Amino acid sequence: NILPERKPKWLRVKLPTGKKYTELRSLVDKYKLNTICTSGSCPNMGECWGEGTATFMILGNVCTRSCGFCGVKTGRPETVDWDEPEKVARSIKLMQIKHAVLTSVDRDDLKDMGSIMWEETVKAVRRMNPETTLETLIPDFQGIEKHIDRIIDVAPEVVSHNIETVRRLTREVRIQAKYDRSLGVLKYLKSQGQRRTKSGIMLGLGEEREEVIQTLHDLRDHDVDVVTIGQYLQPSKKHLPVKQFINPDQFKEYEEIGLELGFRHVESSALVRSSYKAQKHIN
Ligand code: SF4
Ligand code: SF4
């Protein structure tokens, strides 16, 4: 587990550029719009925003869970803001987003686990932006079907839920989650007629190649259509350490294996994040 002192060259990112990026950046700063792209300093902003894709987080910015890889604050979340659906819808309109990804913190403190806010947000976005397509990157809702149904009912083009890591590391990486529960959520979505489902894996947490391949098999066996695979980077020293930088050839091999297994899309390279190239996953 000895890491090179500097990140390998394939992880060094250029600062985002482009006319569209610059325009959107000033809007986001001016109106204090809440995108994960900026709050997570995502390396893909130039590219995604240039293509009209951005990710918005709902239900506040404090999570009831404490996944070891995640930069979101843990604690007792604030009370929900019922104006949030309108705010998100307005941000999408202002930014002229063609494909929006919505995600949320986990709200295990709420009776409905936040599913009503999810439903209201999708509806508000649709009302104000009828042309915009949507991906909802949802929590596991503890596997409770009536909460998941609220998402299926409002029919986002893509519903995603990230498995994040291989079975063996799940306890360490996402302490309050369960590998099989996440697979169950993905399978349930599809069984209820959701057209596109998607999941994501981070690498570099100490998983073996065979375990990654097994995870790809597990996702396909649960009818997942799209998978994203990227390098884990430590948000701060308090988070899980990076055990390994995966090289580009290895990412390529996973992509080939994924396509052979029958995924419609596999995004596999170091800087891939779950919403990277998200627009193309509608098809
Ligand atoms: Fe935003 Fe996701 Fe693209 Fe990053 S990958 S810029 S978070 S849409
Ligand atoms: Fe982060 Fe999601 Fe885990 Fe909450 S549930 S800590 S937002 S990854």
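Everything below is about the structure shown above.
Keep in mind that this is a model prediction, so the values were computed, not measured. All chains use their own residue numbering, which begins from 1 and follows the written sequence. Lettering for chains starts from A, numbering for ligands starts from 1, and both go in the order in which the items are written. Local features in this predicted model are restricted to residues whose pLDDT is 70 or higher, and side-chain atom pairs enter the listing and the counts only when it is 80 or higher, whereas totals over whole chains, interfaces and linings include all residues. For the side-chain quantities, the full set of heavy atoms in the structure was used; hydrogens and water were omitted.

**Notes on the packing of aromatic side chains**
Here the aromatic set is Phe, Tyr and Trp, taking the six-membered ring for Trp, and pairing holds for ring centres within 6.5 Å; pairs whose planes are under 30 degrees apart are stacked, those over 60 apart are edge-to-face, and all others are tilted. Under the counting rule described, the total for this entry stands at 1 aromatic pair. Between tyrosine 21 and tryptophan 49, the ring centres sit 5.5 Å apart and the planes meet at 35°, which makes this aromatic pair tilted. Here tryptophan 49 lies in helix H3 (residues 45-50) and tyrosine 21 lies in helix H1 (residues 19-31), a separation of 28 residues in the sequence. Both residues of the pair, tyrosine 21 and tryptophan 49, belong to the buried class. One cation-aromatic arrangement involves arginine 220 over phenylalanine 263; the distance from NZ or CZ to the ring centre is 5.7 Å. Numbered from the N terminus, helices here are DSSP runs of H or I no shorter than four residues, and strands are runs of E no shorter than two. Each residue is assigned to one of three classes by its accessible area relative to the maximum for its type, calculated with a 1.4 Å probe on protein chains only: buried under 20%, partly exposed between the two thresholds, exposed over 50%. Two limits define a charge over a ring: the Lys NZ or Arg CZ must be within 6 Å of the ring centre, and within 35 degrees of the ring normal.

**Structural notes on the pairing of strand E8 (residues 226-231)**
Most of E8 sits inside the fold, with 6 of its 6 residues counted as buried. Residues of E8 alternate between two faces, with Val226, Thr228 and Gly230 on one and Val227, Ile229 and Gln231 on the opposite face, all of them buried. The criterion for strand pairing is that DSSP finds at least two bridges linking the strands in question. As paired strands, strand E7 (residues 196-203) and E8 are joined by 6 bridges and run parallel to one another. Of the residues in E8, the one forming a bridge with glycine 200 is threonine 228. The path from the first strand over the helix to the second decides the hand: if it runs clockwise while the strands point away from the viewer, the crossover is right-handed. Note on the crossover from E7 through helix H9 (residues 209-221) to E8: the handedness is right-handed. As paired strands, E8 and strand E9 (residues 265-268) are joined by 4 bridges and run parallel to one another. Looking across to E9, one finds that valine 227 is bridged to valine 266. In this region the chain leaves E8, passes through helix H10 (residues 248-261) and returns to the parallel neighbour E9; the handedness of that crossover is right-handed.

**Let's talk about the site of ligand 1**
Surrounding ligand 1, one finds Cys37, Cys42, Asn44, Met45, Cys48, Ala54, Thr55, Arg273, Ser275 and Tyr276. When contributions to the shell around ligand 1 are tallied by element, the ones reaching two or more residues are H3 and strand E1 (53-58). By residue class, the composition of the shell around ligand 1 is 6 nonpolar, 3 polar and 1 charged. Residues are classed as near a molecule or strand on a simple rule: at least one heavy atom within 4 Å of it. In this count, Pro and Cys sit with the nonpolar residues alongside Ala, Val, Leu, Ile, Met, Phe, Trp and Tyr, while Asp, Glu, Lys and Arg are called charged and the others, Gly among them, polar.

**Quick word on the layout of surface pockets**
Buried and open spaces are told apart on a 1 Å grid over the protein atoms alone, a cavity being a set of points where a 1.4 Å probe fits but cannot get out and a pocket being an open set with protein on both sides within 12 Å along at least five of seven lines. Residues with an atom within 4 Å of a point are the lining residues. Grid points are joined across faces, edges and corners, and a volume is the space filled by probe spheres set on the points. One number sums up the size of the second largest pocket: a volume of about 350 Å³. Going through the elements one at a time, E1 and helix H4 (84-94) are the ones with two or more residues in the lining of the second largest pocket. Per element, the largest residue contribution to the lining of the second largest pocket is 6 residues, and it comes from H4. Split by residue class, the lining of the second largest pocket holds 8 nonpolar, 4 polar and 7 charged.

**Comments concerning the side chain of histidine 147**
Its place among the elements puts histidine 147 in helix H6 (residues 145-153). Residues count as neighbours in contact if any of their non-hydrogen atoms are within 4.5 Å of one another. If sequence neighbours within four positions are ignored, histidine 147 has contacts with Lys111, Asp112, Met113, Ser115 and Phe141.

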